[in-house]
Amino acid sequence: MKIKPVTYFLCAVTLILMAVSPWLILSSYEEQPEVTPYKGILTLWHITDWRTGGSSGTAFLKMRIAEFESKNPYVFIEMQSMSISETKVAFLRGETPDIISYPISFEPGFSLSSLPSKDILFREIPDTAYPYMCGGYCILVNIDLLDEQGLYLSEGWGIRPDELLAAAQFGICFDSENGYSSLPAIALHEYPEAPGPNISTWGEPALPDAALGFAEVLYEDGLQAFIDGRCCVLIASQRQLFEIEQLYEQGEAPAFSAYAAGGYTDMIQLVSVAACDDEKKSAVLAAFAEYMVSDRVQAKLEPLGVFPVVSGLEIYADNECLSAMYRLLSENAALPAAGNRETLDALAKQSFAGDSSALKRLRQLLRKSD
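As the structure is a prediction and not an experimental result, all values here were calculated from the model.

1. Points about the packing of helix H2 (residues 57-71) against helix H8 (residues 279-292)
For step 1, the next point in the chain: Direction vectors running N to C along H2 and H8 enclose 125°, while the axes themselves pass 11 Å from each other. For the element pair H2 / H8, the angle class is oblique. Handedness of the crossing formed by H2 with H8: right-handed. Judged by residue contacts, Phe60, Leu61, Arg64, Ile65, Glu67 and Phe68 of H2 engage Val284, Ala287, Phe288, Tyr291 and Met292 from H8.

2. What to know about unusual backbone geometry
For step 1, the next point in the chain: Here Phe122, not a glycine, exhibits a phi torsion of approximately 60°, which is positive.
For step 2, the next point in the chain: Assignment of secondary structure puts Phe122 in the loop between strand S3 (99-103) and strand S4 (130-134).
For step 3, the next point in the chain: Look at Asp221: it is not a glycine, yet its phi comes out positive at around 55°.
For step 4, the next point in the chain: When you line up the elements, Asp221 lands in the loop between strand S7 (217-218) and helix H6 (222-227).

3. A few points about the sheet that holds S4
For step 1, the next point in the chain: On the basis of which strands lie adjacent, the open sheet formed by 5 strands has the order S2-S1-S3-S10-S4 and mixed pairing. The open sheet terminates on both sides in strands that have one partner only, identified here as strand S2 (75-82) and S4. Within the sheet, the average angular offset between the axes of one strand and its neighbour, ignoring direction, is 20°.
For step 2, the next point in the chain: Pairing geometry for S3 and strand S10 (residues 268-273), over 5 bridges, is antiparallel. Counted as the bridge partner of Ile100 is Ser272 from S10.

4. Observations regarding helix H7 (residues 238-249)
Two residues of an α-helix separated by three or four positions point the same way, owing to the 3.6 residues in each turn.
For step 1, the next point in the chain: The terminal C-alpha atoms of H7, which comprises 12 residues, lie 17 Å apart, in line with the 16 Å expected from a rise of 1.5 Å per residue.
For step 2, the next point in the chain: Taken together, the buried positions of H7 are Gln238, Arg239, Gln240, Leu241, Glu243 and Ile244.
For step 3, the next point in the chain: A positive backbone phi angle near 75° is found at Gly251, which sits one or two residues after H7.

5. Some remarks on the layout of surface pockets
For step 1, the next point in the chain: There is about 670 Å³ of room inside the largest pocket.
For step 2, the next point in the chain: The wall of the largest pocket is formed by 30 residues, among which Ile104, Ser105, Pro336, Ala337 and Ala338 lie closest to the centre.
For step 3, the next point in the chain: The greatest single-element share of the lining of the largest pocket, amounting to 3 residues, is contributed by helix H11 (residues 341-352).
For step 4, the next point in the chain: Among the residues forming the lining of the largest pocket, the class breakdown is 18 nonpolar, 5 polar and 7 charged.

6. A short note on the pairing of S10
For step 1, the next point in the chain: The element S10 is extensively covered by neighbouring structure, given that 6 of its 6 residues are classed as buried.
For step 2, the next point in the chain: The two faces of S10 match: Ile268, Leu270 and Ser272 on one face and Gln269, Val271 and Val273 on the other face are all buried.

7. Focus: helix H12 (residues 356-366)
For step 1, the next point in the chain: What H12 keeps buried is the set Ala358, Leu359, Leu362, Leu365 and Leu366. Around the axis of H12, the buried residues are gathered within 125° of arc, so they sit on the same side. Every exposed residue of H12 that faces more than 90 degrees away from the buried side is listed here: Ser357 and Lys360.
For step 2, the next point in the chain: Structurally, H12 contributes buried residues whose contacts are with H11.

8. Brief notes about the pattern of salt bridges
For step 1, the next point in the chain: Applying the stated criterion across every chain, the model contains 14 salt bridges.
For step 2, the next point in the chain: In this structure, Asp228 engages Arg230 in a salt bridge whose closest nitrogen and oxygen atoms are separated by 3.5 Å.
For step 3, the next point in the chain: The exposure class of Arg230 is partly exposed, given its relative accessible area of 44%.
For step 4, the next point in the chain: Put simply, Arg341 and Asp345 hold a salt bridge, and the shortest N to O gap is 3.6 Å. Of the two residues, Arg341 and Asp345 both sit in helix H11, 4 residues apart, roughly one turn of that helix.
For step 5, the next point in the chain: Look at Asp345 and you get buried, because its relative accessible area is 13%.

The rules we used
Residues numbered from 1 in each chain as written. Predicted model: local features only at pLDDT ≥ 70, side-chain atom pairs only at ≥ 80, totals over all residues. Heavy atoms only, no water. Axes fitted to C-alpha atoms, helices over the stretch in contact; angles between N-to-C directions. Helix = DSSP H or I, 4+ residues; strand = E, 2+ residues; numbered from the N terminus. Parallel < 35°, antiparallel > 145°, perpendicular 65-115°, else oblique. Left-handed = near helix turned anticlockwise from the far one by under 90°. Contact = heavy atoms within 4.5 Å. Pairing = 2+ DSSP bridges. Expected span 1.5 Å × (residues − 1). Buried < 20%, exposed > 50% of the residue type's maximum accessible area, 1.4 Å probe, protein only. 1 Å grid on protein atoms, 1.4 Å probe; cavity = no way out; pocket = protein on both sides within 12 Å on 5 of 7 lines; lining within 4 Å. Points joined across faces, edges and corners; volume = space filled by probe spheres on them. Nonpolar A, V, L, I, M, F, W, Y, C, P; charged D, E, K, R; others polar. Arc of directions from axis to C-beta. Salt bridge = Lys/Arg side-chain N within 4 Å of Asp/Glu carboxyl O.

Structure follows, in structure tokens:
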């Protein structure tokens, strides 16, 4: 039987490939050397001065660290929770962390590395930090007190301005975390549109501005005043909402309705990483910061009773107030500029007394980044 030329050709090609394949494999390894990942222990300082509305931020970070370490087996992160005063003392001793979690009101005392741009809230924050969670403000109304007065509220995620002013005539008070302020929150008050079309020939009547003309205002001990029934309306943070819910379940607070206010907040927690010359270490530090603002991590904030800094997540499906607070922060986040808290508070108080020009100025300051 004759062997065809094609068969000779295929055999020759096979022999050539067998001869050169070891060289090809070795040259491939030479061109693409194995990349050794960063190996070592990183330090993380967690500093905060505002409280969440549920489980602790410390526990949350510990779980995130464990998850990050599981995906980076040569990296170990040691976390230390510290107060602001403890942190300042550590800086004076010359100590610095690799990663720092801190409130926006705090200024880290060491050189930070720039982080890649991300589509997250509060874009006015410098590129050396990512916000990774935030608080917010809401409106609580004592419905027992309103029932006694024969007043009722519309259903929905927000309260209409006319209803808010009607309830506030029986007292309005404010509360917040120490060092923070809920006073400017009502300046960006938002509420649902009226249900159904208006069939009046006169059209929809203009609603009053809820931030003007409050009758009786208390600026201190707002939480206690609301619990005692001395105020019908409380403007407060997600933390005070959590506390009143707990007290109501124990029979120690009145029945109430909770509404979202707007996109204002001054409670933001940031993450930054130290600048360093080690490229592998810098890469893993940046990877941790980016991990903290990933959708996967942000979706896990619900047990803390705080809000993500990325939009469009399915969160707080069973809590209309918190769900609306998250949506309003996502759509119209308003972060006060550093150092103008006293100005904002003064303008808010003037607005509550009926000064429309003060209210206009207050809103301009809060929306300066629009």
